[in-house]
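# Understanding the architecture of this molecule
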Amino acid sequence: VLGKIGLAASPAKRDRIWALVEAEDGAVFRSDNGGETWERLSEDRNLRQRAWYYMHIYAHPTNPETLWVLNVPAFKSTDGGKTFVQFPIPHGDNHDLWIDPKNPERMIQGNDGGAAVSFNGGETWSTLYNQPTAEFYHVTTDAETPYGVYGAQQDNTTIAGPSRSAMAAIPQSEWFEVGGGESGYIAVRPDNPNIVFAGSYGGMITRFDRRTGQRRNINVWPEPHLGWGAKDVKYRFNWTAPIMLSPHDPNVLYITGNHVFRSSDEGGSWETVSPDLTRNDVTTMEASGGPITKDNTGAEYYGTIFAFAESPVQRGVLWAGSDDGLVHVSRDNGANWENVTPKEMGDWALISIIEPSPHDPATAYVAATRYKLDDFRPYLYKTNDYGKHWTKITSGIAENDFTRVIREDPARRGLLYAGTETGMHVSFDDGAHWQPLQRNLPVVPIHDLAVKDSDLIAATHGRAFWVLDDLTPLRQATDETTKGAFHLFPPRETIRFVTNRGFFRQPTAGKNYQMSGATIFTKTQEKKGDGSVIEHFLDAGSNPPDGVLVTYFLKEKPKGEVALTFLDNQGNEIKTFKSEEKKPEGGEQKPEPGSQKPDAQSSVLSPQSLQPGINRFIWDMRYADAEGIDGFFTAEGTLPGPIASPGTYQVRLTVGGETQTQPFVIEKDPRVQATQADLDAQFALLCRIRDTINTTHATIKTLRAVRAQAEEWEKRASGEKVNPAIAEHIATLKERLAPIEEDLIQTQAKVRSDTLNFPVKVNSKLAGVYGAVAGADAAPTKQSVEVYESLAGRADAHRTTLNQIVERDVAALNTMIRDAHIPAIVPRESGK
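What this report covers is the structure whose coordinates are included nearby.

Analysis parameters
Residues numbered from 1 in each chain as written. Predicted model: local features only at pLDDT ≥ 70, side-chain atom pairs only at ≥ 80, totals over all residues. Heavy atoms only, no water. Phe/Tyr/Trp six-rings, centres within 6.5 Å; stacked < 30°, edge-to-face > 60°. Helix = DSSP H or I, 4+ residues; strand = E, 2+ residues; numbered from the N terminus. Buried < 20%, exposed > 50% of the residue type's maximum accessible area, 1.4 Å probe, protein only. Lys NZ or Arg CZ within 6 Å of the ring centre and 35° of its normal. Polar contact = N/O pair within 3.5 Å; in protein donor to acceptor, adjacent residues only side chain to side chain. Pairing = 2+ DSSP bridges.

Counted under the stated rule, the structure contains 22 aromatic pairs. Between Phe566 and Phe577, the aromatic rings sit 6.1 Å apart at their centres with planes inclined by 80°, giving edge-to-face as the arrangement. On the criterion of sequence distance, the pair formed by Phe566 in strand S46 (residues 562-567) and Phe577 in strand S47 (residues 573-578) is long-range, its members being 11 residues apart. Residue Phe577 is classed as buried on the basis of its relative accessible area, which comes to 1%. Between Phe566 and Trp619 the ring centres are 4.7 Å apart and the planes differ by 20°, which places this aromatic pair in the stacked class. Remark: Trp619 occurs in strand S48 (residues 613-619) and Phe566 occurs in strand S46; sequence separation between them is 53 residues. Each member of the pair, Phe566 as well as Trp619, carries the same accessibility label: buried. Each residue in the set Phe566, Phe577, Phe617, Trp619, Tyr649 and Phe664 is aromatic and connected to the rest through ring pairs, giving one cluster. The residue whose ring lies beneath Arg210 is Phe176, and the NZ or CZ to ring-centre distance is 3.7 Å. The residue whose ring lies beneath Arg279 is Trp348, and the NZ or CZ to ring-centre distance is 4.8 Å.

In structure tokens, the structure reads:
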């Protein structure tokens with residue numbers, strides 16, 4: 001009896017062929033005469049394990065004695081297949097290999113961790129951590145601020161991490177494992193996010209305590225069953241057995257096998273609260289595999305509960321769906337169960353997700369698949385009477401785009417989200433009609449969705465986690481919002497998160513970001529055909545935007561001016577961003593393509609913010625920046641303006657002379673202890689420092705303008721007979737100006753690193769105090785106020801001295817120049 005056979009013909013030696021044969025007495029065989037006769041070589045069973053999954057053999061393109069076999073590990077032979085040694089690959093479960101026929105040192109290898117490249121014949125390989133290719137089965141969140149995102153990733157581990165980092169991106173160092181394994185659900189205690197319950201195949205479930213790092217095995221029935229068929233085990237658990245905490249009591253934990261199990265002591269004991277809720281057809285539970293090689297890992301167990309949920313509205317309303325096509329409901333906390341399977345769905349569908357409505361205990365939604373029966377149609381159903389009647393709700397979804405998940409928005413009844421094999425869909429009318437919600441989401445299977453606050457999180461099977469920030473416009477969208485020429489949606493409440501404080505803005509494209517000398521992530525940019533720019537972080541996840549998300553609808557591309565104005569609660573203007581572009585000397589100034597984040601030094605709305613349809617603009621919550629000046633070296637050449645204090649603000653959208661205004665709220669970060677008074681004091685001091693820097697720079701500009709005019713007069717008069725008194729007066733004037741400038745700004749610094757050699761002066765010292773005050777949400781320290789007042793006093797004194805010089809010395813010089821019939825010096829700022 002023969003099974004799977006892997007074949008490879010040597011490009012390096014005519015008529016040499018290898019065969020890797022699955023059989024009871026299987027082995028590697030080689031023929032050197034085109035298959036006329038064969039020689040039996042390696043009998044290592046490691047080469048043939050899990051034959052259905054592997055059995056790949058590859059011949060070296062130039063060396064007839066070298067070949068590879070891929071399996072869970074990778075193996076290499078250098079003696080024509082007689083013996084093999086395990087070869088290091090970055091990840092297990094190896095499925096594909098390409099060897100460059102012109103340069104065999106160059107190889108690409110595909111495994112369950114991604115793709116790896118070698119330039120030295122496999123001695124070393126590139127990292128797998130530059131590819132967002134994680135395959136997540138499910139997603140859940142915790143109650144932290146910012147919230148954490150959790151999931152189990154195929155052929156890897158469970159993983160948890162923040163939805164937002166205090167750094168410019170979310171590096172790998174902020175993610176951690178939470179027990180369980182590669183395939184299960186995860187449940188996090190809402191009252192203690194350090195306690196996480198995580199699963200994997202075989203009914204595995206662990207209680208993970210992040211404080212100690214310990215993982216306690218709390219399996220319902222911890223009897224190993226590796227190698228046994230489903231019919232031979234006490235309880236059958238699916239590859240992705242559901243694990244849930246009751247939305248009404250964090251002490252109640254559920255896991256499902258072919259029964260529903262419940263624990264009230266964090267898995268220390270379990271009670272069975274249902275009968276077998278599957279078809280319990282023993283013909284579907286035989287050992288997996290054929291007559292040669294069985295493959296009973298537990299991944300293939302059938303006749304299990306695949307979907308489970310408790311109503312968030314009414315305690316004790318429990319829903320269960322099986323992988324063999326049954327839906328059950330209990331309305332008495334598991335004492336009695338009723339089969340309410342939708343009849344139209346047909347037999348043997350896999351019930352992928354059951355979503356009890358967060359608005360009505362009698363309403364639930366089901367997502368099911370039948371692609372394993374060669375039926376790729378979408379299957380979505382809803383009931384409004386506990387499953388007595390079901391309605392199919394798939395209009396608008398392609399007939400060959402099967403559905404894995406459906407969720408209802410907790411803030412708007414009938415607003416539904418569905419994940420299909422190719423992407424995302426949304427329905428505003430309780431499933432009667434669907435439309436794509438793809439935007440920049442890759443074409444990828446969506447296995448699960450979670451709505452957290454006003455965000456939608458997608459667990460993709462191949463492109464990791466994606467988050468759609470701010471569902472507020474979808475929750476507010478009606479037919480009325482698109483009737484007029486434009487519509488400004490009320491912004492959601494914005495938490496005062498600030499990723500980059502003090503001097504620093506968002507990171508620059510193409511730059512490596514390091515910590516302790518090691519690169520933690522790299523930012524790149526991709527320019528699209530429409531001129532927009534997409535930013536990527538290598539080895540890191542992107543942060544959500546810092547600031548107020550303003551969403552507005554434009555029926556058509558506006559012909560006149562468009563303006564977004566941000567105001568405080570009293571209606572005082574903070575910043576305005578307009579569509580009309582500035583045109584300085586030398587040509588037209590264009591905003592950075594694709595930039596929708598306002599630059600505090602620019603008031604231009606990018607073209608990508610003015611397209612027909614839904615547009616977004618992000619205000620970074622900052623007031624006006626400090627004015628820059630030549631020789632002022634900070635991280636970005638300027639100081640970002642102070643961040644708005646928590647409070648109520650307004651945004652006004654003006655299109656073609658018509659306006660709409662919406663209020664919005666900026667909330668304090670709930671993690672910080674600072675009071676409103678503390679943050680108001682911080683804001684006030686930052687404004688004072690910024691204004692003092694502006695005044696200081698104005699002083700320097702005035703000084704430089706006066707000196708420049710004096711030097712110009714010197715050059716004009718250098719060839720003429722100069723009144724010695726005028727020349728002496730100019731020399732004295734320049735001598736008196738020099739110490740003022742030299743104390744206000746480091747005149748010898750030409751680049752930022754020069755300040756290591758030439759000490760910083762008043763303006764940079766003020767900037768340093770600004771950074772110290774702005775570095776955290778807190779009241780200014782007493783010493784910061786004292787340092788500022790000291791520096792401000794020096795700056796004021798110099799400005800007073802300069803004014804005296806202008807009033808006395810410059811006026812006297814102008815009189816002397818006028819008497820000599822030379823144009824006078826005007827104490828103006830340069831460029832004005």
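Next, the rest of the story.
The subject of this paragraph is the environment of Trp18. With respect to the helices and strands, the residue Trp18 is situated in strand S2 (residues 17-21). Assessed through its relative accessible area of 0%, Trp18 is described here as buried. C-alpha separation for the pair Trp18 and Phe29, spaced 11 residues apart in sequence, amounts to 5.6 Å. Reaching out from Trp18, the side chain makes a polar contact with the backbone oxygen of Gly80 at a distance of 2.7 Å.

Taken in spatial order, the four strands of this open sheet run S32-S33-S34-S35, and their pairing is antiparallel. If you trace the sheet from one side to the other, it starts and ends with strand S32 (403-408) and strand S35 (435-436), each paired once. Pairing of S32 with strand S33 (residues 416-420), which is carried by five bridges, proceeds in the antiparallel orientation. By the bridge assignment, Glu408 is partnered in S33 with Leu416.

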